[in-house]
Amino acid sequence: MTILVTGATGSVGRHVVGELLKAGEDVRALTRRPDRAGLPAGARVLAGDLERPGTVREALAGVEKLFLFPVPETAQEVVDLAVEAGVRRIVVLSSAAVTAGWDTDFHLPVERAVEASGVEWTHVRPGEFAVNSLHMWGPSVRARRTVVDPYPDSAGTPVHEWDIADVVAAALVEDRHAGVAYTLSGPQEVTNREKVAAIAEAIGEEVRIETVTAAEARAFYHAQGGWAAANADFLFGYEDYSGAESDPGAESDSGAESDPGAESDPGGSGGSGGSGESGYEGGEAQEEQAEPGATPGEVTADAVTGRPARPYATWARDHAADFR
């Protein structure tokens, strides 16, 4: 049985590849740059780009199961190609923002295209990605052992990307997850201050928190560039989930990290552009709600995999080298 993993070099996708190989599955991995994939031996790495569906056709030939990275602009065409190729199960990397009703125009259309196709489906909807800490704080921790943050006591339930991957792999391999949307959270509530302490412990050095205003934080991360600059307006309350302008003063404690772009490369090569793995902290609820076949409520990975969910301190240790 052949499984195609799209977004295969992203923080979730590459671990999905690894888990499927451990399970003895025949794995194909889609990426825009196979020469830079760095994926485990045993996976067949193929070139393709979800933004150009025609490039995916060859990779889909003979595939029975698909892990679908969200690219709403082309999702319908990609799903049509998958059905035409004989795919019978699709697992979507979605967002907890769909469950909350905040995401109506990014992940939700991907989910609906898959549901309407007639194949078996499972939606995996993570909330706050733990890896946001690395995207946001990594440069300043590496440079001067400092985190700039306006809301150090704001709390969230960050989920380790490996836990997300474990749930995806289970949904691909096991039959009991068809027709279910899993809204994933981490196993414990953690404040930003506690996250910084966990990172400091992991690297064995003190990391200082520089508490600033939302406006100062916004300016700092705009200047930092990269992922942080692309998402600072949303993270600090200057725009809502849909991208509309909002007033940060209206939600003075909205600093919990979310993830509107950690997995931004539809080919899976780690590039930039577009939203990808999304959290749902912040933003205004919309009227439209998702109506999947089964939504068991917010769960941690152990409810799906039977293995303990990884706490934030474990995530920090797993990424200690990235902060040094």
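Scope of this entry: the structure provided in the associated data block. This is a predicted model, so every value here is computed, not measured.

### Some thoughts on the overall build of the protein
Here's step 1: Across its full length, the protein carries 13 helices and 12 strands.
Here's step 2: Among the 324 residues that make up the protein, the fraction classed as buried is 58%.
Here's step 3: Carbon together with sulfur atoms contributes 46% to the accessible area of the protein, which is approximately 12,500 Å² in total.

### Focus: the packing of helix α6 (residues 132-144) against helix α10 (residues 226-235)
Here's step 1: Here α6 crosses α10 at 110°, and the two axes come no closer than 10 Å. In terms of orientation, α6 and α10 fall into the roughly perpendicular class. The handedness of the crossing between α6 and α10 is left-handed. Judged by residue contacts, Asn132, His135 and Met136 of α6 engage Trp227, Ala228 and Leu235 from α10.
Here's step 2: Partitioned by chemical class, the residues of the contact of α6 with α10 number four nonpolar, two polar and no charged.

### Describing the pairing of strand β6 (residues 120-126)
Here's step 1: Counting buried positions along β6 yields six of seven residues, so the element is predominantly enclosed.
Here's step 2: Relative to β6, strand β5 (residues 89-93) is paired through five bridges, and the arrangement is parallel. Note that in β6 the partner of Ile90 across the bridge is Trp121.
Here's step 3: One ladder, built from five bridges, connects β6 with strand β9 (residues 180-184); its direction is parallel.

### Digging into α10
Here's step 1: Most of α10 sits out of view: seven of its 10 residues are buried.
Here's step 2: Buried residues of α10: Trp227, Ala228, Asn231, Ala232, Asp233, Phe234 and Leu235, and no others.
Here's step 3: Summarising the contacts, the buried residues of α10 are in contact with α6 and α9 (214-224).
Here's step 4: Immediately downstream of α10, the backbone of Gly237 shows phi near 90°, a positive value.

### Considerations on helix α8 (residues 192-203)
Here's step 1: Taking 1.5 Å of rise per residue, the 12 residues of α8 would be expected to cover 16 Å, and the 17 Å separating its terminal C-alpha atoms lies within 8% of that figure.
Here's step 2: Along α8, the residues that are buried comprise Asn192, Lys195, Val196, Ala198, Ile199, Ala200, Ala202 and Ile203.
Here's step 3: Looking at the packing, one finds that the buried side of α8 touches α6, β7 (146-149), β10 (190-191), β11 (208-211), α12 (312-318) and α13 (320-323).
Here's step 4: Residue Gly204 follows α8 closely and has a positive phi angle near 75°.

### Digging into the pattern of salt bridges
Here's step 1: For the coordinates displayed, the defined rule picks out 21 salt bridges.
Here's step 2: Here Arg52 ties to Asp49 by a salt bridge, and the two come within 3.8 Å at their closest N and O atoms.
Here's step 3: With a relative accessible area of 52%, Arg52 lands in the exposed category.
Here's step 4: Looking at Asp49, the relative accessible area reads 7%, which means it is buried.
Here's step 5: With a shortest N-O distance of 3.0 Å, Glu84 and Arg57 are connected by a salt bridge. On the criterion of sequence distance, the pair formed by Glu84 in helix α3 (residues 75-85) and Arg57 in helix α2 (residues 57-60) is long-range, its members being 27 residues apart.
Here's step 6: Each of the salt bridges in this network shares a partner with another, and the network as a whole consists of Glu64, Arg88, Arg89, Glu120 and Asp175.

Quick notes on the rules
Residues numbered from 1 in each chain as written. Predicted model: local features only at pLDDT ≥ 70, side-chain atom pairs only at ≥ 80, totals over all residues. Heavy atoms only, no water. Helix = DSSP H or I, 4+ residues; strand = E, 2+ residues; numbered from the N terminus. Buried < 20%, exposed > 50% of the residue type's maximum accessible area, 1.4 Å probe, protein only. Areas by Shrake-Rupley, 256 points an atom, 1.4 Å probe, with all protein chains shown as cover. Axes fitted to C-alpha atoms, helices over the stretch in contact; angles between N-to-C directions. Parallel < 35°, antiparallel > 145°, perpendicular 65-115°, else oblique. Left-handed = near helix turned anticlockwise from the far one by under 90°. Contact = heavy atoms within 4.5 Å. Nonpolar A, V, L, I, M, F, W, Y, C, P; charged D, E, K, R; others polar. Pairing = 2+ DSSP bridges. Expected span 1.5 Å × (residues − 1). Salt bridge = Lys/Arg side-chain N within 4 Å of Asp/Glu carboxyl O.

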